[in-house]
Structure formats: structure tokens, C-alpha cells
Amino acid sequence: MSDPVRYDIAGGVATLTLNRPDSLNAMSVAVKEGLLAALRRADADGSVRAVVLTGAGRAFCVGQDLREHAEVLAAGGRGVEDTVRAHFNPIALTVATMPKPVLAAVNGMAAGAGASLAFAADFRLAADSAAFLLAFARVGLGADTGASWTLQRLVGYGRATALLMLAEPVGAPAALEMGLVNAVLPAADLAAAAAELAGRLAAGPTAAYAAIKAQLAYSAAADLPTALEHEARQQAAAGATADHRSATAAFVAKTAPVFIGR
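As a starting point, this report considers the structure included with it.

Parameters at a glance
- Residues numbered from 1 in each chain as written.
- Predicted model: local features only at pLDDT ≥ 70, side-chain atom pairs only at ≥ 80, totals over all residues.
- Heavy atoms only, no water.
- Helix = DSSP H or I, 4+ residues; strand = E, 2+ residues; numbered from the N terminus.
- Expected span 1.5 Å × (residues − 1).
- Buried < 20%, exposed > 50% of the residue type's maximum accessible area, 1.4 Å probe, protein only.
- Contact = heavy atoms within 4.5 Å.
- Pairing = 2+ DSSP bridges.
- Axes fitted to C-alpha atoms, helices over the stretch in contact; angles between N-to-C directions.

Let's shift gears to helix 11 (residues 242-253). In this model, helix 11 (12 residues) spans 16 Å end to end at C-alpha, consistent with the 16 Å of a helix rising 1.5 Å per residue. Backbone geometry just after helix 11 places Lys254 at a positive phi near 60°.

Printed below as a string of C-alpha cells:
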């Protein structure tokens, strides 16, 4: 049997591919466990400087495997409560807090937890054939995998409410217009564009990227004086890195800096 999540490394970029194309990469327990393990592996690997999330076949991820979920409910299990805490919460938290840039290459439909997974990433590139569907309400559920937190920060409270409550699909052009994605590309060009951007990030000041991610997450729930103090602490740590010293010297010498991530 093929791995439910493929893990490939090239040029400092780890590409994690959800690998159930016949099921549109629906998240079975095996996929959720495989994805979390792959994310933690990429987080812990010092040679990995950027991460790409994508899906095999014609979909990015259509979210929870509802057939498997129905079997759990039929057997008397709690299902949603168990998998949210055991799988979806740690997946979203690992993506959002990883001190490395994470890019979602959305190659097709991203629905439910699949859409939420993309929203947790730092960058989202979408194929022109991709679409997003916050499908939770269609099956009588609220949001999960961090969508209640990420979505309103991407598009605002009003649009987030409409996307979650009305549960209508959003095509790639509309997603770009409302700020759900950073760019829309022809489907044939998506993989190359994602590899190019991830490679650019991997060659960049990854220690600074970690500080920026931490600052944005912290400041989202802080008042200005508290956010300023947190910025000062992060800046002090970044200012002590070899990257900062070498980049400053390169600026003075008018040469290109080389970043080592520390």
C-alpha cells in the first residue's frame, strides 16, 4: 500500500503530499496520523527550511473522511470530539507555530478541514481550477482545524461568517479577490511555482521568518504595549543571530547575504 502522506525533501524544502487521490485525499485516521507525523518530522529536521503541503491527484483535500466517520458513529463512538482533539487541533497548531515557512499548494478542491489546513499555512498558491468550501455546516458541525481563528484574520469577520454559515464554494479567482490565497496560477504551473517560492523561502532568513510568525501570532491577541514588548524580545533574539550579523555586513559591503538559519 502507498503511504497516506508522501514525504520528499529537495533543496531544503520538505513537500508533504496527501496521498489518497481516489478519495480526493479525504482525511482518514491514517492520513491524519501520517500528516501530523510528517509535520513534526519537518519541524524537527534542521535541514528543512521550508515546507510545502499539497494533494495527489485532482483535489487538495476534501476534509474528514465521512464514510469512516459514519462507521465510528454507527459503532457508538464520539467521532468528532475525539478526532478534533487527537488529530485536527495538533495538525493546525503544528502548521501555524512551526518556526519555518509553510506553503499550501492548493491543486484542487479544499473542503472542510482541507480548507482549514490551507488557511493555517503562511502562503497559499491555488490552481485556477481550485476551489474552497467551508462545508462544516452542511453536516451539522461548527468549524475545526483552526478555521474559526484563521479565516476571520484572512478575510474579516463578516466574510468569515458568510463562508462558514452559507457553506458555498469559492472558486480560485474569488478566493484571490478576498485574500484567501496569495496567487492563482494555471494548474499546470502550480507545482513549479510552489517549488520556486518554497526554494526562495528556504534560501532566505529563516530565523527571521520564525520571529515574524511568532510576532504575528502573539500580536493578534495582544494590546499594543504588550505587542511592542514581545516585538522587542523577538528582535533581540533575531539581532543575536549569525544571519543578522552577516546580512548587515553584506549590506555594508554591497554583496548578497547568505543565510544559514541561525
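In this structure, Ser28 sits in the loop between strand 2 (13-18) and helix 1 (29-44). Taking relative accessible area as the criterion, Ser28 reaches 7% and is therefore assigned buried. Residue contacts for Ser28: discarding those within four places in its chain leaves Arg20, Asp65 and Glu68.

If you trace the 6 strands from one edge of the open sheet to the other, you get 1-2-3-5-7-10, paired in mixed fashion. Only two strands of the sheet have a single neighbouring strand rather than two, namely strand 1 (5-10) and strand 10 (183-185). On average, each strand axis in the sheet is tilted by 20° relative to the strand beside it, whichever way the strands run. Sheet analysis places strand 2 next to strand 3 (residues 50-55), joined by 6 bridges and oriented parallel. Across the sheet, Thr15 pairs through a bridge with Val52, a residue of strand 3.

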